[in-house]
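Geometric and topological summary
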Amino acid sequence: MGDRPEETTDSLTLVDFIDNQTKEIIRINNQKDALLKDLELQNQELNDYAQMVSHDLKSPLQSIETMATWLQEDYKEALEPYGIENLKIIRENVLKMDNLVRGILEYSTIRRMEGEFYKVNLNEILKKLIGQLKISDSIKITVPNNLPTVYGDKFRLEKLFYNLLDNAIKYNDKEEKIIKIGFEENENYFNFYVKDNGLGIKERYFDKVFETFQKLDHENNSTGLGLPIVKKIIDIYNGKIWIESIEDKETTFYFTLKK
């Protein structure tokens with residue numbers, strides 16, 4: 001007994017529909033792959049451009065700094081007070097520009113570093129960083145003795161903690177600056193935090209501070225790249241980062257690293 005005509009028609013219609021949907025999915029996937037390749041190429045070009053600009057700016061900045069220093073030292077008797085002050089301002093701005101160039105170069109290359117992850121002892125990382133930071137008697141940093149060993153690379157992990165600590169020190173108006181580092185762990189992640197008793201951050205800026213060249217304090221010497229570098233490193237490690245803060249009282253940066 002043969003199929004009824006309407007059943008045959010329905011079957012053919014379903015086959016055509018599935019075939020068309022399959023072709024559409026293939027087309028969309030090909031389009032997505034092309035867009036991803038184009039985006040990757042654009043990012044590579046931007047990184048190459050950032051490195052080129054950063055490299056080309058170093059030499060003239062060094063020349064300006066050398067010339068300003070030479071004038072300030074060799075002609076200090078002949079210069080009026082306003083001349084000495086102007087040379088000081090020039091040198092300060094050269095330093096700011098140099099820090100910005102270094103920050104751009106660091107931000108553009110942080111993802112391009114190759115190499116396998118390996119076990120990194122965070123106790124050693126923090127001990128080294130606290131020794132490098134300019135810690136005065138008014139700054140107290142508390143670090144647990146049992147920080148875990150994580151999979152990663154020393155360079156990025158040093159940059160991660162350095163920028164969070166540097167941010168906690170710079171944006172702190174308290175007479176006694178208190179910074180606390182801690183962690184908890186679950187089955188898959190280590191959950192870290194860096195807490196300070198500084199200026200605090202308004203909630204509307206929680207995402208904004210991770211964007212490049214965004215600074216909440218225009219008088220600060222920050223380049224606006226420290227926290228974007230932190231976010232980029234966390235993304236590379238497939239972790240998450242978020243903020244809790246009370247304005248004028250405290251800020252806590254939480255972030256996760258996979259075990």
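Keep in mind that this is a model prediction, so the values were computed, not measured.

1. Observations regarding the packing of helix 2 (residues 81-109) against helix 5 (residues 226-236)
Between helix 2 and helix 5, the shortest axis-to-axis distance is 10 Å and the interhelical angle comes to 10 degrees. Taken together, the axis directions place helix 2 and helix 5 in an arrangement best described as roughly parallel. Listed contacts from helix 5 to Gly103, Glu106, Tyr107 and Ser108 of helix 2 are Pro228, Ile229 and Lys232. When grouped by side-chain class, the residues that make up the contact of helix 2 with helix 5 number three nonpolar, two polar and two charged.

2. Observations regarding the packing of helix 3 (residues 122-132) against helix 4 (residues 154-170)
Axis separation between helix 3 and helix 4 bottoms out at 10 Å; the angle between their running directions is 50 degrees. The pairing of helix 3 with helix 4 is recorded here as oblique in orientation. The two elements helix 3 and helix 4 meet at a crossing, and its hand is right-handed. The segment helix 3 lies against helix 4, with Leu122, Ile125, Leu126, Lys128 and Leu129 engaging Lys154, Leu157, Glu158, Phe161, Tyr162 and Leu165. When its residues are assigned to classes, the contact of helix 3 with helix 4 shows eight nonpolar, no polar and three charged.

3. Here's the deal with unusual backbone geometry
For residues that are not glycine, phi is negative in most cases, and the peptide bond is trans in most cases. Look at Asn238: it is not a glycine, yet its phi comes out positive at around 60 degrees. Position of Asn238 relative to the elements: it lies in the loop between helix 5 and strand 6 (241-246). Positive phi values are uncommon outside glycine, yet Asp248 reaches one of about 65 degrees. With respect to the helices and strands, Asp248 occurs in the loop between strand 6 and strand 7 (250-258).

4. With respect to a nonpolar patch on the surface
On the surface, a cluster of nonpolar side chains totalling about 320 Å² of accessible area is made up of Met67, Trp70 and Tyr75. Mapped onto the elements of the fold, Trp70 is located in helix 1 (residues 5-74).

5. Observations regarding the nonpolar core
Judged by nonpolar contacts, the single largest core of 41 residues is most densely connected at Leu160, Phe161, Phe192 and Phe255. If you list the elements that add at least two residues to this core, you get helix 3, strand 2 (139-142), helix 4, strand 4 (177-185), strand 5 (189-196), helix 5, strand 6 and strand 7. A total of seven residues in this core trace back to one element, the largest contributor, which is helix 4. Leaving out residues up to four positions away in the same chain, Leu160 has contacts with Val230, Ile233, Ile234 and Phe255.

6. Description of helix 4
Quick reminder: α-helices carry 3.6 residues per turn. Residues three or four places apart thus point the same way. In this model helix 4 runs 24 Å from its N-terminal to its C-terminal C-alpha over 17 residues, within 8% of the 24 Å that 1.5 Å per residue would give. Of the residues making up helix 4, those classed as buried are Arg156, Leu157, Glu158, Leu160, Phe161, Asn163, Leu164, Leu165, Asp166, Asn167, Ala168 and Ile169.

7. Brief notes about the pattern of salt bridges
Side chains bearing opposite charge may pair, as long as their charged atoms lie close to each other. Under the defined criterion, the tally for this structure stands at nine salt bridges. With a closest N to O distance of 2.9 Å, Lys140 and Glu176 form a salt bridge. In this pair, Lys140 sits in strand 2 while Glu176 sits in the loop between helix 4 and strand 4, placing the two residues 36 residues apart along the sequence. For Lys140, a relative accessible area of 45% translates into the label partly exposed. A salt bridge links Asp166 to Lys170, with the nearest nitrogen and oxygen atoms 3.2 Å apart. Pair noted here: Asp166 and Lys170 are both in helix 4, with a separation of four residues, about one helical turn. Judged by its relative accessible area of 36%, Lys170 falls in the partly exposed class.

8. Points about the sheet that holds strand 4
Pairing is mixed across the open sheet formed by five strands, whose spatial order is 2-4-5-7-6. The strands lining the two open edges of the sheet, one partner per strand, are strand 2 and strand 6. Neighbour to neighbour, the strand axes of the sheet diverge by 15 degrees on average, direction disregarded. Relative to strand 7, strand 5 runs antiparallel, the two sharing eight bridges.

9. Focus: the packing of aromatic side chains
One pass over the full model with this rule turns up eleven aromatic pairs. Taking 6.4 Å as the distance between ring centres and 70 degrees as the angle between the ring planes, the aromatic pair formed by Phe183 and Phe190 counts as edge-to-face. Phe190 shares its class with Phe183; the two are buried. Taking 5.6 Å as the distance between ring centres and 15 degrees as the angle between the ring planes, the aromatic pair formed by Trp242 and Tyr254 counts as stacked. Of this pair, Trp242 sits in strand 6 while Tyr254 is found in strand 7, placing the two residues twelve residues apart along the sequence. Here Tyr254 falls in the partly exposed class, since its relative accessible area comes to 24%.

Thresholds, definitions, all that
Residues numbered from 1 in each chain as written. Predicted model: local features only at pLDDT ≥ 70, side-chain atom pairs only at ≥ 80, totals over all residues. Heavy atoms only, no water. Axes fitted to C-alpha atoms, helices over the stretch in contact; angles between N-to-C directions. Helix = DSSP H or I, 4+ residues; strand = E, 2+ residues; numbered from the N terminus. Parallel < 35°, antiparallel > 145°, perpendicular 65-115°, else oblique. Contact = heavy atoms within 4.5 Å. Nonpolar A, V, L, I, M, F, W, Y, C, P; charged D, E, K, R; others polar. Left-handed = near helix turned anticlockwise from the far one by under 90°. Patch = residues over 30% accessible without salt bridge, like charges linked within 9 Å, V, L, I, M, F, W, Y side chains within 5 Å. Areas by Shrake-Rupley, 256 points an atom, 1.4 Å probe, with all protein chains shown as cover. Salt bridge = Lys/Arg side-chain N within 4 Å of Asp/Glu carboxyl O. Core = buried A, V, L, I, M, F, W, Y, C linked by side-chain atoms within 4.5 Å. Buried < 20%, exposed > 50% of the residue type's maximum accessible area, 1.4 Å probe, protein only. Expected span 1.5 Å × (residues − 1). Pairing = 2+ DSSP bridges. Phe/Tyr/Trp six-rings, centres within 6.5 Å; stacked < 30°, edge-to-face > 60°.

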